[in-house]
Every structure is written in structure tokens, then in C-alpha cells.
Amino acid sequence: MTGTELIWRIAGGSGDGIDSTSQSFTKALMRAGLHVFTHRHYPSRIRGGHTYVEVRAAEHDVKSRGDGYNFLLALGDSFARNPQDEAYYGNEEAKPLSENLDELREGGVIVYDEGLLDASEIDDFDQRVEENDWHVYPMDLRGIAREHGREIMRNTAGVAVTAALLGMETDPFEELMSDNMGGDILEDNLTVLEEAYQQTTELEHTHELEAPTAEPHDEQQVLLNGSNALAYGAIDEGCRFIAGYPMTPWTDVFTIMSQHLPELGGISEQVEDEIAAAALAIGASHAGAKAMSGSSGGGFALMSEPLGLAEMTETPLVLVEAMRAGPSTGMPTKPEQADLEHVLYTSQGDSNRVVFAPGNVAECYDQAREAFRVAYEYQIPAVIVIDQKLSGEMTNVPEAHFDREPNPDLGSTLTEEEIAEAPHHASGKLNRFQHDPENGVSPRSIPGQEGGRYLASGNEHTPQGHISEDPDNRVAQTDRRLRKLDAIRDDLDSTDLDRQTAYGPDDAEYGILVWGSQQPTVEEAVDRLNEDGHSVKALGVSDLMPYPEADVTAFLESVEECLVVEMNASAQFRGLTQKELGRFGEKLTSLLKYNGNPFEPGEIVEGFDVQVNGGSEPPTAQVRLEPAAGD
């Protein structure tokens, strides 16, 4: 597999255009018929600080980042901290080269901008080059850019050098530039591209790495990340109101929605804090709009009180929780899956909500639509849990996946004709919160409908919404709200959309259980393990509340042992599984990673080998095995 793929890493400083350059490079590879996948690493700074993007491309389907990479383009950091700070932060200008050597594969290629970087300042650089058979091409990218355009165009020069060294033509890059630029900017970039490419072709090439090639895709592809897909799913399901406050990585979803909603007659509001954001979304939903909000980490914590209000007033609401490494501010731009328990149990009392955790970009679209359907049909908050990894990683998805009819339906709402036939109190108020619906859902009216008056209170209330502390009413209302979860579970189990993703041979001896963004990485690990002679399958779980007891039970009953893979230090998903299915505790071992980087497939393979083969040594990667209960 590694011999037929390119994993290109472009490294520089935040603000140097690393992300936009990588997207153009990725899109060119996709248009050439390749399957692509990106991985972003960036600091918690507006400008400056080491950042990189990996682009993995192959003729075959690629689902995750790879193990290491094989081509480094190091551009330097234009916005590095003052050298006086080197005692704390090191030489930031050199980090795009110095900090990217450990994961470069043997025989890999290094291109660095000698206009900014001096390899002689990096400890043991020449020795490591020789030991690893790396092929190094210093190029004055800044000089080329300054001579033929502007200094910022050194990114264009770097792409040209990459293309020349990999045996690629420049036509795809020229087409993308023409699509996105014009005038002198376009002409200068094309000149820089041509000059850097020509200079590189005149060098002696010592490496063997080439760009993979492929026939055109069988169907039209689009390049998306999880934030794109989630936003488009919300829009297609009729969302026309969003309120939020910027917080990484939630900001991506908020920004995309804010760009598109005005074009569709919708409203986007940036407010003073997350409490106000969730409260505005509740108000919009109460008034008859499909509405959403969201945040990350501490911002979502502020939404606990309005979340409880939505649950008690039974106001449909969709929230996004884009996880990042915590607690507190933590590492704002690094992925982690440590907010699971927070999302499941935040708010007060016996609260009720639905929680989805999509496992890949396509599922972000599917489950955004499903979250709105369930929220509005069952009058309950639905939370979509993603993380920095899934929100930002880009991959190609068939365009046809999104070719579906929109759905503006508001779910369990009454028409005025139905209101006239519905039970009312002697005062004329609608019995909005009836005790006896079998599925727990008492249909609602929309403000302004004739005969639809009721009170929406955060206090426990009578069927008309008046505050009540009567014990019988309390039990009846609580039991009714809890019945919704059983009805939702039955509903989800009956739909065609399969949110628990089974992967691998049905009769496999061992299992890997995963949730959320690590699902595609686990799938690649399963392929490798089976190729190596193991008998392994996986189950990616997306329904976190209500828990898919039947699906997970069937999976765990079918295997001898199961490895639970997640990005946190406290094995939260394993804990949830043991809470729901305690009899399987002795089968479950955790593989945990929480250093700010997502799993690589090889780390899961190694963790599985150590566990199954009973090795006494821990995995060599920065991961942790947590033994099964009772071991």
C-alpha cells in the first residue's frame, strides 16, 4: 500500500497559506482520478506557529491519514516569534523543517526553502538524511517568488517543485489558479509556477517516489470536510436559523451556515456568548423555524442551562458539539474525544436528548439530517458530536451522495384544523403536554395559530404548561418524556440509514469497537490485520443516546475479545458500553490516545497485536492499553 500512495506534507507558519495551498493541491489530485484524504495540524494562534497539512492520495480508496508520510515541503514560518523567545519555544522559523523529520519515511523526499531555512542549524540533519536515505532538494522558493511575483507566492513555487519531482504536469494547477484568480495576480503566479518547475527539472533527481496515477473517477466527486457536510445536511433538512459564538473547531460549521443561510431566506446571528446562542435557537424553534446552535468544550458547557430548558419545554433543537482537547481551554486546535460524558449528561435532572456521532464526512451529512428529523418529530434536543479531526479533514465523496430532496417539515406540529379537534382546558388553553401519548410525543402548536395557546415553562407543568408540583403530574410527565427515548430507539432501528457501521468478515474472531472520527482509521487497521492473518472485524457506533443495545450486543456476542479505540484518557465510550451492557466488561480492552494527534492505522494494528498476543511490553506509540474489567 505504501508503495502506491503519496503522502505529501506541506509545513510552514500559520498565516502562510498552508491550508489554502494544500486544498488546491488536493483538489488537483482528486481531479486527476485519485482518492484523497487530508490531515491538519495547526497551533492555537492567529498568525505564526508551526502548522502542516498532510495530503494522502492513491488510486485505491483512502479513509484516513497514513503512517508517517513520504514527501515534505518545508516553507519556513514567516510569522515566527521573536528570537528572544527561543528559550521557551525554540527556533520557530525552522520548525517546519526540524519538527517534521521524525515521521518522514525511509527513502522520503525533502524540499525546503533555503531562502528562509538553513539545514545546517538543525542538529544531526545530515546524519539523519544519510541514515534514512532521504533525498533532499534545497530550493530558493522565496527568491523565485520575489523575482517573478511576490514573496507570498513561494507556496506556488513549492507546489511547482513538488510536481516536477513527482513527474506531474502543471496543467491541473494552472486550471485551479485560473478558476480562483485573475489579472496580474494570476499572471505572476503562473510565471512563478513555470520558473520553479523548470528549475527543478534541471536538477539531478535521486529519488524513486512518483505521484500515483489513476483513471478518471467513475462518478463526479466533491472535496469536503465534516463541517461542510454537516452544514449542508442541516440546510437540506430545512434549517433556516443558526445562532452562535465563534470557538474552534465549531466555528467552521457556524461560518459555513452563516455564508449560506441569507441566500436561502434564513438568519444567522453571532451573539455575545453561548448561553444567548442556544437561547436564541430555542426561541426560533418555538416560533416555528428549524434552528440550530453549537460550540466546543467550555462553550458547550455554557449551553447546559438552555439545553435543560429545551428538554423541559420539549422544544426541538439541534446542537453541534465540536470536541477539542480539554479541560478548560486545553489545546483548542487539537482533536480529542473526551467530551462524551459531558454531552451525554450535562444539564440538570433526568434530562432527555439524542446524541449522534458521525464517523466520516458522508455520515456528517446523513446524521445532520437525521438529527433534525428526530428532534422535530419527537420534540427533543439532538446533539451532533464531532471533533477537530473530522471537522477539518477533507476527502472526496461522490456528489450523488448529496442528491436528495430537501425536507422543511416541522415534525409533530398541529394544523389549525387539528388544534380545533385537540383536547383543551376549560380556560381555552391547548393541552400541549398531555400525559398519555404512547410514544411520549404530545403534538405542539406554533405561536399565532388559532386555539393553540399554552405556556412553555422551565418548571414542571400541567398539560397546559402551568407550574405544578403535584406528585402524580410529576410522575406522569417524567414517564412520558422518558418514553420518547424508547420510541426513538425503535424508530432509528427501523430506518434504512445504518448508523452502526459494521466492517470486516462477519465470522471474525476478534472485534474492534469505535465511535466517531476514528472509525475510518480503524477500518484501515482491520484491513491490515486481516491481510496479516488475523481474524478481525469492527463496529463503528454513531448512536450514543439512546444507546443501540441490540446492535452492540450482537457484535460483542460474536467475538472472543474486543478492543475499544478512542481518543481520551478515561475510556469514556467503553464506560458507556459497560454501563449499558455490563455483562461484556471482561471482553473489553481499551486502546487510548490523548496526545493531541489522532490515531494512525499502524498504532491500532500494534495495539491489537500487543493485546491479542499477550505481550508484556506496551505499544511503542504514544498510546495506552487499559485492560478489561477484572484483569
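What comes next concerns the included structure.

Calculation notes
- Residues numbered from 1 in each chain as written.
- Predicted model: local features only at pLDDT ≥ 70, side-chain atom pairs only at ≥ 80, totals over all residues.
- Heavy atoms only, no water.
- Pairing = 2+ DSSP bridges.
- Helix = DSSP H or I, 4+ residues; strand = E, 2+ residues; numbered from the N terminus.
- Axes fitted to C-alpha atoms, helices over the stretch in contact; angles between N-to-C directions.
- Contact = heavy atoms within 4.5 Å.
- Disulfide = S-S within 2.5 Å.
- Salt bridge = Lys/Arg side-chain N within 4 Å of Asp/Glu carboxyl O.
- Buried < 20%, exposed > 50% of the residue type's maximum accessible area, 1.4 Å probe, protein only.
- Expected span 1.5 Å × (residues − 1).
- Arc of directions from axis to C-beta.
- Parallel < 35°, antiparallel > 145°, perpendicular 65-115°, else oblique.
- Left-handed = near helix turned anticlockwise from the far one by under 90°.
- Nonpolar A, V, L, I, M, F, W, Y, C, P; charged D, E, K, R; others polar.
- Patch = residues over 30% accessible without salt bridge, like charges linked within 9 Å, V, L, I, M, F, W, Y side chains within 5 Å.
- Areas by Shrake-Rupley, 256 points an atom, 1.4 Å probe, with all protein chains shown as cover.
- Lys, Arg positive; Asp, Glu negative; His and termini not counted.
- Charge placed at Lys NZ, Arg CZ, Asp CG, Glu CD.
- Core = buried A, V, L, I, M, F, W, Y, C linked by side-chain atoms within 4.5 Å.
- Polar contact = N/O pair within 3.5 Å; in protein donor to acceptor, adjacent residues only side chain to side chain.
- Right-handed = clockwise from strand over helix to strand, strands pointing away.
- Phe/Tyr/Trp six-rings, centres within 6.5 Å; stacked < 30°, edge-to-face > 60°.
- Lys NZ or Arg CZ within 6 Å of the ring centre and 35° of its normal.

### Overview of the sheet that holds strand β17 (residues 536-541)
Step number 1: Pairing is mixed in the open sheet, where six strands are placed in the order β15-β17-β16-β19-β20-β21. Each edge of the open sheet carries a strand with a single partner, namely β15 (501-503) and β21 (624-626). Pairwise comparison of adjacent strand axes, ignoring direction, gives a mean angle of 20° for this sheet.
Step number 2: Relative to β17, strand β16 (residues 510-515) is paired through six bridges, and the arrangement is parallel. Paired with Trp515 across the strands is Val541, a residue of β17.
Step number 3: Packing against the sheet, helix α20 (residues 549-557) makes contact with β16, β17, β19 (561-566) and β20 (588-592), and its axis sits at approximately 165° to β17.

### Concerning the state of the cysteines
Step number 1: This structure, assessed with the given rule, holds zero disulfides.
Step number 2: Free cysteine: Cys239, not disulfide-bonded; nearest cysteine sulfur from Cys364 at 15 Å.

### Description of the pattern of salt bridges
When their charged atoms lie close together, side chains carrying opposite charge are able to pair.
Step number 1: Taken as a whole and judged by the stated rule, the model has 36 salt bridges.
Step number 2: The shortest N-O distance in the salt bridge between Arg9 and Glu54 comes to 2.4 Å. Remark: Glu54 occurs in strand β3 (residues 50-58) and Arg9 occurs in strand β1 (residues 5-13); sequence separation between them is 45 residues. Here Arg9 and Glu54 have matching classes, each one buried.
Step number 3: Through salt bridges with shared partners, a single network forms among Glu370, Arg373, Arg489, Asp491, Asp493, Arg499 and Asp543.

### Description of the environment of Met257
Step number 1: The topology assignment puts Met257 in helix α10 (residues 251-260).
Step number 2: Separated by 14 residues in the primary sequence, Met257 and Ala243 have C-alpha atoms spaced 9.8 Å apart.
Step number 3: Once you skip the residues sitting within four places of it in the chain, Met257 turns out to touch Ala231, Ala234, Ile235, Cys239, Ile242, Pro262 and Met292.

### Focus on helix α6 (residues 154-166)
Step number 1: Relative to the 18 Å expected for 13 residues at 1.5 Å per residue, α6 spans 18 Å between its end C-alpha atoms, a close match to the ideal helical length.
Step number 2: Counted residue by residue, α6 has 13 buried out of 13 residues, so it is predominantly covered.
Step number 3: Downstream of α6 by a residue or two, Gly167 has a phi angle that is positive, lying close to 75°.

### What about helix α5 (residues 141-148)?
Step number 1: Those residues of α5 lying buried are Leu141, Ile144 and Ala145. Around the axis of α5, the buried residues are gathered within 95° of arc, so they sit on the same side. Exposed and facing more than 90 degrees away from the buried side of α5 are Arg146 and Glu147.
Step number 2: Packing partners of the buried residues in α5 comprise β4 (69-74), β5 (104-113), β6 (135-139), α6 and α8 (183-201).

### Some details on the packing of helix α1 (residues 18-31) against helix α7 (residues 171-180)
Step number 1: It is the contact of α1 with α7, at a shortest axis distance of 9 Å, that shows an interaxial angle of 120°. Between α1 and α7, the interaxial angle falls into the category oblique. The interaxial crossing formed by α1 with α7 has right-handed handedness. Each of Ser24, Phe25, Lys27, Ala28 and Arg31 in α1 lies in contact with α7, whose residues at this interface are Pro172, Phe173, Leu176 and Asp179.
Step number 2: Residue composition of the contact of α1 with α7, grouped by class: five nonpolar, one polar and three charged.

### Digging into a negative patch on the surface
Step number 1: On the surface, a cluster of negative charge is made up of Asp123, Asp124, Asp126, Glu130 and Glu131.
Step number 2: Here Asp123 lies in the loop between β5 and α4 (125-132).

### Notes on the sheet that holds strand β11 (residues 317-323)
Step number 1: Within the open sheet, the seven strands sit side by side as β9-β8-β10-β11-β13-β12-β18. Their pairing is mixed. Single-partner strands in this sheet number two, and they are β9 (267-270) and β18 (543-545). Each strand of the sheet is rotated relative to its neighbour by a mean of 20°, with strand direction disregarded.
Step number 2: Two strands pair when backbone bridges link them, and strand β10 (residues 291-295) and β11 are joined in this way by four bridges, in the parallel orientation. Looking at β11, one finds that Met292 is bridged to Val318.
Step number 3: Lying on the sheet, helix α15 (residues 361-378) is in contact with β10, β11, β12 (354-356) and β13 (381-387); it crosses β13 at an angle near 160°.

### Points about the nonpolar core
Step number 1: Counting 87 residues, the largest nonpolar core has Leu230, Met257, Met292, Ile386, Leu513, Leu544 and Phe573 as its most contacted members.
Step number 2: If you tally residues by element for this core, the top one is α15, at 11 residues.
Step number 3: In contact with Leu230, not counting residues within four places along its chain, are Val253, Met292, Val320, Cys364, Tyr365, Ala368, Ile384 and Ile386.

### Describing the side chain of Thr553
Step number 1: As for its placement among the helices and strands, Thr553 is situated in helix α20.
Step number 2: We classify Thr553 as buried; its relative accessible area is 11%.
Step number 3: Among the polar contacts listed, one links the side chain of Thr553 to the backbone oxygen of Glu549, at a separation of 2.7 Å.
Step number 4: In this structure, Thr553 is in contact with Leu581, Arg583 and Phe584, ignoring residues within four places of it in sequence.

### Focus on the pairing of β20
Step number 1: For β20, the buried fraction is high: five of the five residues fall into the buried class.
Step number 2: Of the two faces of β20, the one holding Leu588, Ser590 and Leu592 and the one holding Thr589 and Leu591 are both buried throughout.
Step number 3: As paired strands, β19 and β20 are joined by five bridges and run parallel to one another. Bridged to Leu563 within β20 is Thr589.
Step number 4: Running through helix α21 (residues 572-580), the crossover from β19 to the neighbouring parallel element β20 is right-handed.
Step number 5: One ladder, built from three bridges, connects β20 with β21; its direction is antiparallel. Paired with Leu591 across the bridge in β21 is Leu625.

### Some points on the environment of Val565
Step number 1: Position of Val565 among the secondary structure elements: in strand β19.
Step number 2: Through-space distance from the C-alpha of Val565 to that of Gln518 is 7.7 Å; in sequence the pair is 47 residues apart.
Step number 3: Setting aside residues up to four positions removed in sequence, Val565 forms contacts with Ile512, Leu513, Val514, Trp515, Val522, Leu591, Phe599 and Ile604.

### A few points about the packing of aromatic side chains
Step number 1: Going through the model one piece at a time under the given rule, you end up with nine aromatic pairs.
Step number 2: Ring plane angle 15° and centroid distance 6.3 Å describe the contact between Phe372 and Tyr376, whose orientation is recorded as stacked. With Phe372 and Tyr376 both in helix α15, this residue pair falls four residues apart, about one helical turn. Tyr376 shares its class with Phe372; the two are buried.
Step number 3: Measuring from ring centre to ring centre gives 5.7 Å for Tyr510 and Phe608, while their planes differ by 85°; the resulting arrangement is edge-to-face. Of the two residues, Tyr510 is situated in strand β16 and Phe608 in helix α22 (residues 601-612); the sequence distance between them amounts to 98 residues. Like Tyr510, the residue Phe608 is buried in the burial classification.
Step number 4: The rings of Trp8, Phe25 and Phe173 are connected pair by pair, giving a single aromatic cluster.
Step number 5: Lying across the ring of Tyr52, Arg9 places its NZ or CZ 3.8 Å from the centre.
Step number 6: Sitting above the plane of the Tyr376 ring, Lys290 keeps its charged end 5.8 Å from the centroid.

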